[in-house]
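Analysis of the macromolecular model
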Amino acid sequence: MWHLYHFPLCPFSRKVQLSLGEKSIGYDLVTLYPWDAGEEFRRLNPAGRVPVLHDSDKKVTLIDSQAICEYLEETVADRPLIIGSARARAEIRRLVALFDESFYADITGPLLHEKMKKRLVLRQSPDSRTLRECMRLLHEHLDYIDWLVDNRRWIAGAQLTLADFSAAAQLSVVDYLDGIDWSDHESAHGWYRVIKSRPSFAPLLRQKMDGLPAPRHYADVNA
Ligand SMILES: N[C@@H](CCC(=O)N[C@@H](CS)C(=O)NCC(=O)O)C(=O)O
């Protein structure tokens, strides 16, 4: 049985959960806060990071969301998420990297630091200038999502792929932490509502971070 080490607001763990859900792979969640990681978890991942997907019977330990998702693509035939020609697969991987790296560095990472880590771990107030800059950059990323879904239907092309789930995983954390101002981003909002209403997304909408309640609209699939 797979065990996914995660914490509720880790966007990379969310991406892995979406991939597991789409492929109907069973797993148990183990909540692990990296800032509290003990010896047992560090034996699995000395870097102390989540997500980690572990099967103790098969003695398999997978680390890093993209490595995990690629492993699932290669080992589970159901519901492939990196699909099409070599060029189409390269485009999917480009966009996965864009959301995992640039979007996370610009928005999700700083927001997690300001709104989650400062509140729960460091006991500090968020820096309003950083929050404003995150919101400015969010609008730039949403402009790009508008363009992608207007021109292609889904993020990486005509079909739903891992790029959509990578983007939606990041946005779901932003939505939990701050809410998203969707005005002027009708296309991106419509796309996100469709992803949010998929069965694979339901577990994410139920997960709560201790000490940091979700805004009311967060779990509403029509919001
Ligand atoms: N590239 C990695 C990033 C994983 C990552 O940054 N995880 C964060 C939580 S969202 C973490 O564990 N941070 C703890 C640390 O860096 O010490 C992936 O895709 O899995």
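Being a predicted model, the structure only gives us computed values, none of them experimental. (Residues numbered from 1 in each chain as written. Predicted model: local features only at pLDDT ≥ 70, side-chain atom pairs only at ≥ 80, totals over all residues. Heavy atoms only, no water.)

Looking at the ligand, the residues that line it are Phe7, Cys10, Pro11, Phe12, Pro34, Arg49, Val50, Pro51, Asp64 and Ser65. Separating a nitrogen atom of the ligand from a backbone N or O atom of Val50 is a distance of 2.8 Å. Ser65 is positioned with one of its side-chain polar atoms (N or O) 2.6 Å from an oxygen atom of the ligand. Considering the ligand on its own, with 510 Å² of exposed area, one finds that the protein chains cover 74% of that surface. Classifying every residue of the shell around the ligand by side-chain character gives 7 nonpolar, 1 polar and 2 charged. (Near = heavy atom within 4 Å. Polar contact = N/O pair within 3.5 Å; in protein donor to acceptor, adjacent residues only side chain to side chain. Areas by Shrake-Rupley, 256 points an atom, 1.4 Å probe, with all protein chains shown as cover. Nonpolar A, V, L, I, M, F, W, Y, C, P; charged D, E, K, R; others polar.)

Another point: the UniProt feature "domain: GST N-terminal" (unreviewed entry) in the protein chain. Within this structure's numbering, the places UniProt gives as "domain: GST N-terminal" (unreviewed entry) are residues 1-80. Across residues 1-80 one finds 36% helix and 22% strand; the C-alpha atoms that close the span lie 21 Å apart. (UniProt positions renumbered as here; feature names shortened; annotations may be inferred. Helix = DSSP H or I, 4+ residues; strand = E, 2+ residues; numbered from the N terminus.)

We now examine the side chain of Glu22. Within the element layout of this structure, Glu22 appears in helix α1 (residues 11-22). Residue classification places Glu22 among the buried positions, given a relative accessible area of 10%. Side chain to side chain, Glu22 and Arg79 meet in a polar contact 3.2 Å long. Each residue touching Glu22, except ones within four places of it in the same chain, is listed here: Arg79, Leu81, Phe165, Arg198 and Ser200. (Buried < 20%, exposed > 50% of the residue type's maximum accessible area, 1.4 Å probe, protein only. Contact = heavy atoms within 4.5 Å.)

This next bit is on the nonpolar core. A general feature of soluble globular proteins is that nonpolar side chains tend to end up buried together. Within the largest apolar cluster, 72 residues are counted, with the highest numbers of intra-cluster contacts made by Leu9, Ile145, Ile155, Leu171 and Trp191. Tallying contributions element by element places helix α6 (residues 162-177) first for this core, with 11 residues. Each of domain 1 (2-75) and domain 2 (86-200) accounts for three or more of the residues forming this core. Those residues in contact with Ile155, other than ones at most four positions away along the chain, are Leu95, Phe99, Ile145, Leu148, Val149, Ala163, Asp164 and Trp191. (Core = buried A, V, L, I, M, F, W, Y, C linked by side-chain atoms within 4.5 Å. Domains from an automatic or database assignment.)

Looking now at the UniProt feature "domain: GST C-terminal" (unreviewed entry) in the protein chain. Following the UniProt record, one finds the feature "domain: GST C-terminal" (unreviewed entry) at residues 85-221. When the span residues 85-221 is considered, its composition is 69% helix and 0% strand, and the gap between its end C-alpha atoms is 33 Å.

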